[in-house]
Amino acid sequence: MGKMRMQSAPWRAAAVLASVLLVGGVAACGNSDTGGGGSKDDGKITMGFSQVGAESGWRTANTTSIKESAAAAGIELKFDDAQQKQENQIKAIRNYIQQKVDVIAFSPVVESGWDTVLKEAKDAGIPVILTDRSVDSADKTLYKTFLGSDFVKEGRLAGEWLVEQKKSASGPVNIVELQGNTGAAPANDRKKGFGEAIAANPNLKIIASQPGDFTRAGGKQVMEQFLKAYPKIDVLFAHNDDMGLGALEAITAAGKTPGKDITIITVDAVKDGMQALADGKFNFIAECSPLLGPQLMDLAKKVHAGEEVPPRIETEETTFTTEQAKEALPNRKY
Ligand code: GZL
């Protein structure tokens, strides 16, 4: 900073006042960048986002979509990774309330236990958007909208495919199930949809169902236990690709051929899962799109402007067989 030349008394007072205002202005702006929160006088929206964690390829793609979309939308993003712990998400949301952000968005790691902190956000006048996973709060005024997938439908599509594949089976078809983390909406709902669909064929039996926490390590560990406990496993239904990919290692290590000795059905359709499907190691995937960022930012702007938004916005999704995966792989964005 150049040395300021001293001037006569009246001019000196004006110069001092101007410099105080300038420094004050920069400090205020600097504070909002480092946590003062709230719309700065340039009208830029500040969003506080609490992410589940970094447990799967899906989550990584989801985080990338959110960060890139916030930058593209000119929204200042404060981002927290909760490492799959609800207490960390509650702490992050409370921090965002303290910082007086304009909008709070989060993907609830589990469905229950949110009413208190959501009421604190509502009392602070900060709108909340649920993305990816939902909550079981009876009070629907605690959040403005939910943006994400219909997990029951994903489970149902997986089950319906299996019913079709095994319609001529004469004897019992033994199914093992790798669930997502206990209490998570996708785990509860995929299990529900799949179970309802396979009831159409009494030969289809779920002989074991355990959480693998949506991680590769969890899928491998639980599949190893299933293989030791059950000599005849015909089908694996994994609530996401990553647990299915972990299970592949256990199945191969047990001397069985995935996709042939054991039919494998998963959910997500991330690139590694689609590659396993194209290679015939998986047999069917129900897609669950992580690319929620652009819609989330549009919703944040609408909610901040006080515009009405639909209570629930579901993402468009499809399913893939091996042949369809081969065709789709070159253009997959995640
Ligand atoms: C689904 C999402 C799930 C994915 C998993 O919307 O919440 O969490 O299916 C991820 O891969 O871990």
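Thresholds, definitions, all that
Residues numbered from 1 in each chain as written. Predicted model: local features only at pLDDT ≥ 70, side-chain atom pairs only at ≥ 80, totals over all residues. Heavy atoms only, no water. UniProt positions renumbered as here; feature names shortened; annotations may be inferred. Helix = DSSP H or I, 4+ residues; strand = E, 2+ residues; numbered from the N terminus. Buried < 20%, exposed > 50% of the residue type's maximum accessible area, 1.4 Å probe, protein only. Contact = heavy atoms within 4.5 Å. Areas by Shrake-Rupley, 256 points an atom, 1.4 Å probe, with all protein chains shown as cover. Axes fitted to C-alpha atoms, helices over the stretch in contact; angles between N-to-C directions. Left-handed = near helix turned anticlockwise from the far one by under 90°. Nonpolar A, V, L, I, M, F, W, Y, C, P; charged D, E, K, R; others polar. Pairing = 2+ DSSP bridges. Salt bridge = Lys/Arg side-chain N within 4 Å of Asp/Glu carboxyl O. Phe/Tyr/Trp six-rings, centres within 6.5 Å; stacked < 30°, edge-to-face > 60°. Lys NZ or Arg CZ within 6 Å of the ring centre and 35° of its normal. Near = heavy atom within 4 Å. Polar contact = N/O pair within 3.5 Å; in protein donor to acceptor, adjacent residues only side chain to side chain.

The name an unreviewed UniProt entry gives the chain is ABC transporter substrate-binding protein, with Micromonospora parva as the organism. Recorded under Subcellular location (unreviewed entry), the UniProt text for the chain is reproduced unchanged: "Cell envelope". A UniProt comment under Sequence similarities (unreviewed entry) is attached to the chain, and it reads "Belongs to the bacterial solute-binding protein 2 family."

Attention shifts here to the overall build of the chain. Along the chain, the regular secondary structure elements total eleven helices and twelve strands. Looking at the chain residue by residue over its 334 residues, the buried ones come to 51%. Considering only intrachain contacts with a sequence separation of at least 6, the fraction spanning at least 24 residues in the chain is 74%. Carbon and sulfur atoms provide 53% of the accessible area of the chain, an area that totals close to 15,600 Å².

It is worth spelling out the packing of helix α5 (residues 151-165) against helix α6 (residues 185-198) at this point. One can describe the packing of α5 onto α6 by two numbers: an axis separation of 6 Å at closest approach and a directional angle of 35°. The hand of the α5/α6 crossing is right-handed. Two secondary-structure elements touch here, α5 through Phe151, Val152, Glu154, Gly155, Arg156, Ala158, Gly159, Glu160, Leu162 and Val163 and α6 through Ala185, Pro186, Asp189, Arg190, Lys192, Gly193, Phe194, Glu196, Ala197 and Ile198. Looking at the contact of α5 with α6, its residues break down into ten nonpolar, three polar and seven charged.

What follows covers the pairing of strand β1 (residues 46-51). Walk down a regular strand and you will see the side chains alternate between the two sheet faces. Of all six residues in β1, six are buried, a share of seventy percent or more. Burial along β1 is two-sided: the face carrying Thr46, Gly48 and Ser50 and the face carrying Met47, Phe49 and Gln51 are both buried. As judged from the six bridges shared by β1 and strand β2 (residues 76-81), these two strands associate in the parallel manner. Across the sheet, residue Ser50 finds its bridge partner in β2, namely Asp80.

With the rule as written, the count across this model stands at 19 salt bridges. A salt bridge links Lys167 to Glu164, with the shortest nitrogen-to-oxygen separation between them at 2.5 Å. When the shortest N-O distance is used, the salt bridge between Lys220 and Glu249 registers 3.3 Å. Here Lys220, found in helix α7 (residues 216-229), pairs with Glu249, found in helix α8 (residues 241-253); they are 29 residues apart in sequence, far enough to count as distant.

As a further point, take unusual backbone geometry. Excluding glycine, a negative phi dihedral is what most residues carry, and trans is how most peptide bonds are arranged. Phi is positive for Gln84, close to 65°, though the residue is something other than glycine. Following the sequence through the fold, Gln84 ends up in the loop between β2 and α3 (86-98).

Here the distance between the centres and the angle between the planes together describe a pair of aromatic rings. The full count for this structure, using the stated rule, is four aromatic pairs. Consider the rings of Phe49 and Phe79, whose centres lie 5.8 Å apart with planes at 5°: the pair is stacked. A residue pair is termed long-range when its members are at least 10 positions apart, and Phe49 in strand β1 and Phe79 in strand β2 qualify at 30 residues. The ring of Phe79 carries the charged tip of Lys67 above its face, separated from the ring centre by 4.4 Å.

Glancing now at the site of the ligand. Residues in contact with the ligand amount to 13 residues; listed here are only the nearest, Glu55, Asp132, Arg133, Arg190 and Asp268. Side-chain polar atom of Glu55 to an oxygen atom of the ligand: 2.5 Å apart, as the coordinates give it. Here Asp268 contributes a side-chain N or O atom positioned 2.6 Å from an oxygen atom of the ligand. Protein chains bury 100% of the 320 Å² of accessible surface belonging to the ligand in isolation.

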